[in-house]
Amino acid sequence: MSDVVARLQGQGFRIVGALRHVAVDGMAGHCDSDLWLLPDGPAARITQQLGPGAQACRMDAGAMEEAAGLASSRLSEQGADLVVLNKFGVSEAEGRGFRAMIADALAQGVPVLIGVSQTHRAAFERFAGGLSEDLRPDAETVFDWCRKAAHRTPAQSQNSAMEIPK
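Everything quoted here is computed from the prediction, not taken from an experiment.

A.B. asks: Would you explain the pairing of strand β2 (residues 34-38) in this entry?
C.D. replies: The buried fraction of β2 is high, at four of five residues. Bridge analysis of strand β1 (residues 15-21) against β2 gives five bridges, and the strand direction is antiparallel. Looking across to β2, one finds that alanine 18 is bridged to leucine 37. The pairing of β2 with strand β3 (residues 43-45) spans three bridges and is classified as antiparallel. Bridging across to β3, tryptophan 36 finds its partner in alanine 43. Here β2 hands over to β3 after four residues, with glycine 41 in that stretch at a positive phi of 90°.

Here it is, written out as structure tokens:
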């Protein structure tokens, strides 16, 4: 999705949201998770260090809500042609995270591109209420959908959402 976002931004589309951020130095551990807040950062760490041998969930709920709040405020303040979110994950499935931003975007007529894994598909489908559209997970299909969806008028794009199987 990062490549699709870069191409769209290069064509002048205003995009807000968050994507999984991979550190340039590659030093992040396999359980560390950062989100790159669109359109231009910063990266937000949404996991916490629990110490050696810890088995509990590493998600930092406060950091996740802070990242979602910042992305939501960008949508409200700057507007957008498209909202892009890395995934509908456990936070969203439980009613938190970026869920309110998704609803706000759709209420404003802004299309949403979001990845959905099999793990959270049922929760996403309940949330979407039949208003989602599945796409093949290839860059050209996603890019074409985004360009078309972002050019719809508000009446045409209201309640339009999309998911990408992972």
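A.B. asks: Just to check I follow, could you spell out unusual backbone geometry for this structure?
C.D. replies: Among all residues except glycine, the phi angle is most often negative; among peptide bonds, the trans geometry is most common. In this model, leucine 38 is joined to proline 39 through a cis peptide bond whose omega is 15°. In this structure, proline 39 sits in the loop between β2 and β3. Proline 42 follows glycine 41 through a cis peptide bond whose omega is 10°. Examined against the element boundaries, proline 42 turns out to sit in the loop between β2 and β3.

A.B. asks: In this structure, what is going on with the pattern of salt bridges? I would like to understand it.
C.D. replies: A side chain with one charge may pair with a side chain of the opposite charge, provided their charged atoms come close. Tallying each qualifying case throughout the model produces eight salt bridges. In this structure, glutamate 140 and arginine 7 form a salt bridge, with 2.7 Å as the shortest nitrogen-oxygen distance. Residue glutamate 140 is found in helix α6 (residues 139-150), and its partner arginine 7 is found in helix α1 (residues 2-10); the two are separated by 133 residues along the sequence. On the basis of relative accessibility, which here comes to 42%, the residue glutamate 140 falls in the partly exposed class. Close ionic contact of arginine 45 with aspartate 34 constitutes a salt bridge, the shortest N to O distance being 2.4 Å. Pair noted here: arginine 45 is in strand β3 and aspartate 34 is in strand β2, with a separation of eleven residues, a long-range link. On the basis of relative accessibility, which here comes to 9%, the residue aspartate 34 falls in the buried class. What emerges from the salt-bridge pattern is a single network uniting Arg121, Glu125 and Asp134.

The rules behind these values
- Residues numbered from 1 in each chain as written.
- Predicted model: local features only at pLDDT ≥ 70, side-chain atom pairs only at ≥ 80, totals over all residues.
- Heavy atoms only, no water.
- Buried < 20%, exposed > 50% of the residue type's maximum accessible area, 1.4 Å probe, protein only.
- Helix = DSSP H or I, 4+ residues; strand = E, 2+ residues; numbered from the N terminus.
- Pairing = 2+ DSSP bridges.
- Salt bridge = Lys/Arg side-chain N within 4 Å of Asp/Glu carboxyl O.

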